[in-house]
Amino acid sequence: MSSFRSLPPLNPRQQEAHDYIQGPLLVLAGAGSGKTAVITRKIAHLVQHCQIPAYRITAMTFTNKAAREMKERVSKLLPADQLKGLTVSTFHNFGLNLLRLELKHTPLKPNFSIMDADDCKRLLMDLMQRDNLSGAESKELINKAIRRISDWKNDLLDPQQAIATAESPEDLQLAHLYELYERNIRAYNAVDFDDLIVLPTRLLQDNAELREKWQHRIRYLLVDEYQDTNTAQYMLVKLLVGVLGRFTAVGDDDQSIYAWRGAKPENMALLAEDFPSLKVVKLEQNYRSTSRILKAANSVITNNPHLFEKSLWSDKGHGEVIRVITCRNDDDEAERIVHDLMTHKLMNGKTWQDYAVLYRGNFQARVLETQLREMQIPYKLSGGTSFFARTEIKDVMSYLRLIINPDDDSAFLRIINTPKRAIGPSTLEKLGLFAQESQLSLLAAAGDQRLAMALPKKAASQLHEFAEFIEQYTRDLHDNDEPVPLVRQMINETGYIDYIREQASTPQAEKVRMDNLESLFSSIQNLINRAEDVNERNIESVIRKLVLLDLLDQQQEAEDTDKVNLMTLHAAKGLEFPFVYIMGLEEDLLPHKNSIAADTVEEERRLMYVGITRARQELTLTLAEQRRAGGNMKQSTPSRFLDELPAEELEWSGKKKAKLSNVDPKEQAKAYLANLKALMK
DNA sequence: CGAGAGGTGATTTTT
DNA sequence: TCACCTCTCG
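Residue numbering note: each chain is counted from 1, following its sequence as written. Working convention: letters from A go to chains and numbers from 1 go to ligands, in the order in which they are written. Only residues with pLDDT of at least 70 are given local features in this predicted model, and only at 80 or more are side-chain atom pairs given and counted; all residues enter the totals for whole chains, interfaces and linings. Neither water nor hydrogens contribute to the side-chain values; these are computed over all heavy atoms in the structure.

**Description of the overall build of chain A**
Piece 1. Helix and strand assignments follow DSSP, with helices taken as H or I runs no shorter than four residues and strands as E runs no shorter than two, numbered in order from the N terminus. Helices and strands together make up the secondary structure of chain A, namely 33 helices and 17 strands.
Piece 2. As a reference, a globule follows 2.2 Å times the number of residues to the power 0.38, and the radius of gyration itself is taken over C-alpha atoms. Computed over C-alpha atoms, the radius of gyration of chain A comes to 27 Å, within 12% of the 26 Å expected from 2.2 N^0.38 for 681 residues, which places it in the range of a compact globule.
Piece 3. Dimensions of chain A, computed from C-alpha atoms along their principal axes, come out at roughly 80 × 70 × 55 Å.
Piece 4. Counting every position in chain A, which comprises 681 residues, the buried fraction comes to 53%.
Piece 5. Long-range contacts, defined as pairs at least 24 residues apart, comprise 78% of the intrachain contacts of chain A with a sequence gap of at least 6. Per-residue accessibility, obtained with a 1.4 Å probe over protein chains only, is compared with the maximum for each type, and a residue is labelled buried under 20%, exposed over 50%, and partly exposed between these values. Should any heavy atoms of two residues lie within 4.5 Å, those residues are considered in contact.

Here's what the structure looks like:
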């Protein structure tokens, strides 16, 4: 209670969203409008003043990071005993948990594997090869297939429905592939990311008893970033809240930038249809940015059609004018941004982490990196390959997956010849055939004595040896509450460590890989130590959860010191910085040419809107007159979004000076830096 | 099976 | 331009 009194008051709209619990509520939370404060304080309010115990409340987010932040903030509002059992998790984690608890109602066996995007791709490739679609054609097809299958799943269509509704011969082919894919993934006793939403949703749809059980269990549901839900996720929400509709959905249709991944911002409008008693509260006061920045944001976004009209305002004063810098080319652009940033920091006594440079595509970071390194400015690049996409992590994870799930053929295929065991494609093909005929998993087939008849002696004995190795560790690790040393021993014994040493091209590369493995091991250890439920203190449940965790993010967050932030506009959603640069304001880049072609410029505009609203104090936009595209320079046209900004708030500059010729840019940079330092003294 | 040559394609990626 | 993938040859 005492902590409550010290909280800043909510504004009237926030208060309204906070207090309203009688029925379904949609909170239209503009950027920087304090939505997390509303959600977290509402959870505390529900517990302390509405007689809803924490274990009856569930909050769903999209990212682990958001879930972590939310948990942390709620824990500051409630004493530990009142916090007990509160669920704050990502959609996927929630789904996983539901599957685990209702396992007997699912087609899954215990210790099922979760396949990530990469695993699924491999599986599809394999299936297509069997269908003998080879070469260049299949590569193109594979990306289409992945996208299409995911779309079908997210729309809750099973393979039969997909086949029935296929729109073209090619689509039908993909639908058949979908059917094959589903059969295989189930045979592996595995699920993909989409299944973590789809399977629980189907379960609740088909089973009234379970549905009632879960509806009873969750007395109040809160959904963050509601505009990013896809059809399956919305269906899951609907099934969980039932007719009573005890929920708060928080979202902003103007920040919907993931439609290309299946998000359906129109779910916001659907909510009003499905729950006629829906109350809508708009949070329009922004606590982040100056009014000039908000004016710019509003001005851009009014060019989009709107479900709900919304206009951000703040009382933070006008602030600085918005600068637009025209640069000669992409190198010049990076150089100017870096110089500008450096000058600004020194003049204003700010820290590196106060700055962010945002861009449309990851490739744009490259020139920036070069420039920043030259100036010895520390920077942080977010995005790129995720921790679990690293080869060494995927390899070791596959060993572990196979240990806990012998049916996981996908894991088997990944590691059977990693490190090299002289087991080549022809051996594998024969093994696959044998496994299929005898209805066995690849691992079981590899261990089967009859194999010797189907294969050359050498190959058969290699396979036997491998199977025995896995089986031995399966026994040793089962029910072992100190598994990590054994895991280390196993990985060592496979020769994987030596393999990394041989493979690594440089000592640094080797170190990075070894470090990655170390953090994987220590994460496993941490998860085991931290497991609240004793039943979860084993390698099986830890491995299952591991793929869903953002280990790298957490790791990175921990070691984050004072660095300039470089990230894509997508990655910037949810973040804020005092000083923001958005680069590449050109047609075909922002908006991206594919979006122009596909007529989805509106989403690009929202991306622009998200970018603008990241800035607290100052916003700088840059564009290049020429840009490298492939090998040669291409002329570019200023982005249409520049015309949509309020001209009176912009200050244009740049492109005047002809570059000082014959001067080494490095020398120039050094001189510049020396100058600045002298200036500061 | 593995190392090099040549070819090709290049948004965004919460889990 | 460059990185990654594929294909081929030893």
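Continuing now.
**Thoughts on the pairing of strand β7 (residues 247-251)**
Piece 1. For β7, the buried fraction is high: 5 of the 5 residues fall into the buried class.
Piece 2. Both faces of β7 are covered, namely the face carrying Phe247, Ala249 and Gly251 and the face carrying Thr248 and Val250.
Piece 3. Sheet topology places strand β1 (residues 25-29) next to β7; 4 bridges connect them, and they run parallel. When the sheet's bridge partners are listed, Leu28 is paired in β7 with Gly251.
Piece 4. What makes two strands pair is DSSP finding at least two bridges between them. The pairing of strand β6 (residues 220-223) with β7 spans 3 bridges and is parallel.

**Section: the environment of Pro305**
Piece 1. By the secondary structure assignment, Pro305 is in the loop between α15 (291-301) and β9 (322-327).
Piece 2. On a C-alpha basis, the gap between Pro305 and Glu518 in space is 50 Å, while along the polypeptide they are 213 residues apart.

**A word on the protein's contact with DNA strand B**
Piece 1. We call a residue near a molecule or strand as soon as one heavy atom of that residue lies within 4 Å of the molecule or strand. In the vicinity of DNA strand B, 23 residues are found, and the nearest of them are Arg261, Arg360, Asn362, Lys420 and Thr568.
Piece 2. Here DNA strand B approaches the protein such that, of its atoms within 4 Å, sugar and phosphate make up 50%.
Piece 3. Side-chain atoms alone can form a polar contact between residues adjacent in sequence; in general such a contact is a pair of N or O atoms within 3.5 Å, and within protein one must be able to donate a hydrogen while the other accepts it. One of the side-chain N or O atoms of Trp260 is found 3.4 Å from a base oxygen in DNA strand B.
Piece 4. Asn417 places a polar side-chain atom, nitrogen or oxygen, 3.2 Å from a phosphate oxygen of DNA strand B.
Piece 5. Classification used: nonpolar for Ala, Val, Leu, Ile, Met, Phe, Trp, Tyr, Cys and Pro, charged for Asp, Glu, Lys and Arg, polar for all others including Gly. Along the lines of polarity and charge, the residues of the surface near DNA strand B split into 8 nonpolar, 11 polar and 4 charged.

**Notes on helix α14 (residues 267-274)**
Piece 1. Here α14 has its buried residues at Asn267, Met268 and Leu271. All buried residues of α14 fall inside an arc of 110° around its axis, so they share one side.
Piece 2. As for α14, its buried residues are in contact with β1, α13 (231-241) and β7. By arc we mean the arc of the directions from the helix axis to the C-beta atoms, nothing more.

**A short note on the environment of Tyr496**
Piece 1. Turning to its location among the elements, Tyr496 is positioned in helix α25 (residues 496-503).
Piece 2. Taking the C-alpha atoms as reference points, Tyr496 and Leu124, separated by 372 residues in sequence, lie 26 Å from one another.
Piece 3. Residue contacts for Tyr496: discarding those within four places in its chain leaves Thr391, Glu392, Asp395, Val396, Thr418, Pro419, Ile491 and Leu517.

**Some details on the packing of helix α6 (residues 91-101) against α13**
Piece 1. For helices, the fitted line uses only the C-alpha atoms of the stretch in contact; every axis is such a line through C-alpha atoms, and the angle between N-to-C directions lies from 0 to 180 degrees. α13 packs onto α6 with a crossing angle of 55° between their chain directions and a minimal axis gap of 12 Å. In terms of orientation, α6 lies oblique with respect to α13. As α6 runs across α13, the sense of the crossing is left-handed. For the pair formed by α6 and α13, the contact residues are Phe91, His92 and Phe94 on the first element and Gln233, Leu236, Val237 and Leu240 on the second.
Piece 2. Here the contact of α6 with α13 is built from residues that sort into 5 nonpolar, 2 polar and no charged. These descriptions rest on fixed angle ranges, namely under 35 degrees for roughly parallel, over 145 for roughly antiparallel, 65 to 115 for roughly perpendicular, and the rest for oblique. Crossings are classed by handedness, with left-handed meaning an anticlockwise turn of the near helix from the far one by less than a right angle and right-handed meaning a clockwise turn.

**Regarding the sheet that holds strand β17 (residues 650-654)**
Piece 1. Judged by pairing direction, the sheet is parallel, and its 7 strands sit side by side in the order β11-β12-β10-β13-β14-β9-β17 without closing on themselves. Every other strand in the sheet has two partners, leaving β11 (379-381) and β17 as the edge strands with one partner each. When strand polarity is set aside, the average angle formed by the axes of neighbouring strands in this sheet is 20°.
Piece 2. Pairing of strand β10 (residues 355-359) with strand β12 (residues 564-568), which is carried by 4 bridges, proceeds in the parallel orientation. Paired with Leu358 across the two strands is Met567, which belongs to β12.
Piece 3. Most of the contacts of α15 go to strand β14 (residues 615-624), to which it runs at about 50°, and overall it touches β9 and β14.

**Some thoughts on the pattern of salt bridges**
Piece 1. We define a salt bridge as a side-chain nitrogen of Lys or Arg found within 4 Å of a carboxyl oxygen belonging to Asp or Glu. Evaluation of the coordinates by the stated rule reveals 47 salt bridges.
Piece 2. With a shortest N-O distance of 3.6 Å, Lys394 and Asp118 are connected by a salt bridge. Note that Lys394 is positioned in helix α18 (residues 391-404) and Asp118 in helix α7 (residues 117-130), a separation of 276 residues in sequence.
Piece 3. Salt-bridge contacts for Glu649 lead to Lys295; the nearest nitrogen and oxygen are separated by 2.7 Å. Here Lys295 lies in helix α15 and Glu649 lies in the loop between α32 (640-644) and β17, a separation of 354 residues in the sequence.
Piece 4. You can call Lys295 partly exposed: its relative accessible area is 34%.

**A closer look at the nonpolar core**
Piece 1. Buried Ala, Val, Leu, Ile, Met, Phe, Trp, Tyr and Cys residues form a nonpolar core when they are joined through side-chain atoms within 4.5 Å. By size, the foremost hydrophobic cluster in this structure holds 51 residues, and its most contacted members are Phe412, Phe466, Ile491, Ile524 and Leu546.
Piece 2. With sequence-adjacent residues up to four places away left out, Ile524 is seen in contact with Leu400, Val484, Ile539, Val542, Ile543 and Leu546.
Piece 3. Residues Ala31, Val324, Ala572 and Leu645 belong to the second largest nonpolar core, which totals 35 residues.

**Quick word on the side chain of Asn304**
Piece 1. Relative to the assigned elements, Asn304 resides in the loop between α15 and β9.
Piece 2. Residue classification places Asn304 among the buried positions, given a relative accessible area of 5%.

**Topic: the packing of aromatic side chains**
Piece 1. Put simply, two rings from Phe, Tyr or Trp (the six-membered ring, in Trp's case) pair if the centres are within 6.5 Å, and we call them stacked under 30 degrees between planes, edge-to-face over 60, tilted for the rest. For the structure shown, the criterion picks out 9 aromatic pairs.
Piece 2. Centroid distance Phe62 to Phe91: 5.1 Å. Interplanar angle 45°. Geometry classified as tilted. One end of the pair, Phe62, is in the loop between β2 (57-61) and α4 (64-75); the other, Phe91, is in helix α6, and 29 residues separate them in sequence.
Piece 3. Exposure remark for Phe62: the relative accessible area of 24% places this residue in the partly exposed category.

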